[in-house]
Amino acid sequence: MNRSWVKSFEDITENISTQQFQVVDVRPYARFRGKEPEPREGVEPSHIPGSKCMPFSSFVNEDGMMLSIEELKKFFQKSKVDLKKPICGTCGSGVTACHLVLAAHLCSYPGMTVYDGSWYEWFTKAPPEHIVSEAKSKQ
C-alpha cells in the first residue's frame with residue numbers, strides 16, 4: 001500500500017488548524033449534520049471541523065451508473081470542493097470514500113487521499129470540541 005494515499009487521525013487533527021487539504025465526507029447529509037443515526041452502536045452522527053459533505057449516492061444517477069465527467073465537475077463545484085487543491089476523502093469507516101476517489105480521478109484529479117479511520121475513528125478519539133453536530137454533542 002502507498003502510505004501517501006492514506007491520512008491518519010493525527011494528519012486530520014493537524015489539518016483543522018493548518019488547512020493543508022480539504023476534507024470531504026461522503027456520508028449522507030443527515031448523518032454529516034448529526035440529524036440521522038450512525039449504523040454503529042455508540043457512535044453519534046456529526047462531522048470533522050471544516051469538512052464538506054458530498055454524499056456518495058450523489059456520484060451516481062438513478063440507474064446506479066457514475067455521473068458524466070461534466071456532472072461530476074459541477075457537483076464538486078456546487079459542493080465548494082476545489083479540484084486544484086489537495087483533497088482527503090472520509091466516510092463512516094473508510095470504504096465509501098472510494099466513490100470520491102473515483103469521481104476525482106475521472107475528473108483528472110490525481111492527488112486524492114483517504115482518511116481510512118474515517119468517522120468511526122474520529123468520533124472515538126477526537127475531543128468533544130472537534131465533534132461538529134447540529135444535534136447533541138459528544139459527552
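Everything here concerns the structure above.
Calculation rules
- Residues numbered from 1 in each chain as written.
- Predicted model: local features only at pLDDT ≥ 70, side-chain atom pairs only at ≥ 80, totals over all residues.
- Heavy atoms only, no water.
- Helix = DSSP H or I, 4+ residues; strand = E, 2+ residues; numbered from the N terminus.
- Buried < 20%, exposed > 50% of the residue type's maximum accessible area, 1.4 Å probe, protein only.
- Contact = heavy atoms within 4.5 Å.
- Areas by Shrake-Rupley, 256 points an atom, 1.4 Å probe, with all protein chains shown as cover.
- Lys, Arg positive; Asp, Glu negative; His and termini not counted.
- Charge placed at Lys NZ, Arg CZ, Asp CG, Glu CD.
- Core = buried A, V, L, I, M, F, W, Y, C linked by side-chain atoms within 4.5 Å.
- Phe/Tyr/Trp six-rings, centres within 6.5 Å; stacked < 30°, edge-to-face > 60°.

### Quick notes on the overall build of the protein
If you tally the helices and strands in the protein, you get 5 helices and 5 strands. The secondary structure elements of the protein, listed N-terminal to C-terminal, are β-α-β-α-β-α-β-α-β-α. Projected onto the principal axes, the alpha-carbon positions of the protein cover approximately 45 × 30 × 25 Å. Counting the 139 residues in the protein, one finds 43% classified as buried. When contacts within the protein are restricted to residue pairs at least 6 apart in sequence, long-range pairs at least 24 apart make up 68% of them. Of the roughly 7800 Å² of accessible surface on the protein, a fraction of 54% belongs to carbon and sulfur atoms. Each charge class in the protein was averaged separately, 17 positive and 17 negative side chains, and the resulting centres sit 4 Å apart.

### Structural notes on unusual backbone geometry
Glycine aside, negative phi is the norm for most residues, and most peptide bonds take the trans geometry. In this model, Gln-19 sits at a positive phi of 50°, which is unusual for a non-glycine residue. Looking at where Gln-19 falls in the secondary structure, it is placed in the loop between helix 1 (9-18) and strand 2 (22-25). Even without being a glycine, Ser-118 presents a positive backbone phi close to 50°. Position of Ser-118 relative to the elements: it lies in helix 5 (residues 118-125).

### Describing the nonpolar core
Inside soluble globular proteins, nonpolar side chains tend to come together where they are buried. Ranked by size, the top nonpolar core spans 19 residues in total, and within it Met-54, Phe-59, Phe-76, Ile-87 and Leu-100 carry the most contacts. Contributing elements (two or more residues each) for this core: helix 3 (69-78), helix 4 (97-106) and strand 5 (112-115). With 4 residues, the top contributor of residues to this core is helix 4.

### Some thoughts on the packing of aromatic side chains
The description of an aromatic ring pair uses the distance of the two centres, along with the angle that the planes make with each other. Counting across every chain of the model gives 4 aromatic pairs. With a centroid separation of 5.0 Å and 40° between ring planes, the pair formed by Phe-9 and Trp-122 is classed as tilted. Within this pair, whereas Phe-9 is found in helix 1, its partner Trp-122 is found in helix 5, the two being separated by 113 residues in sequence. Of the two residues, Phe-9 and Trp-122, neither departs from the other in class, the shared state being buried. Look at Trp-119 and Phe-123: their rings are 6.0 Å apart centre to centre, the planes differ by 45°, and that puts the pair in the tilted class. Here the residue Trp-119 and the residue Phe-123 both occupy positions in helix 5, the gap between them amounting to 4 residues, near one helical turn. Each member of the pair Trp-119 and Phe-123 is classed as buried.

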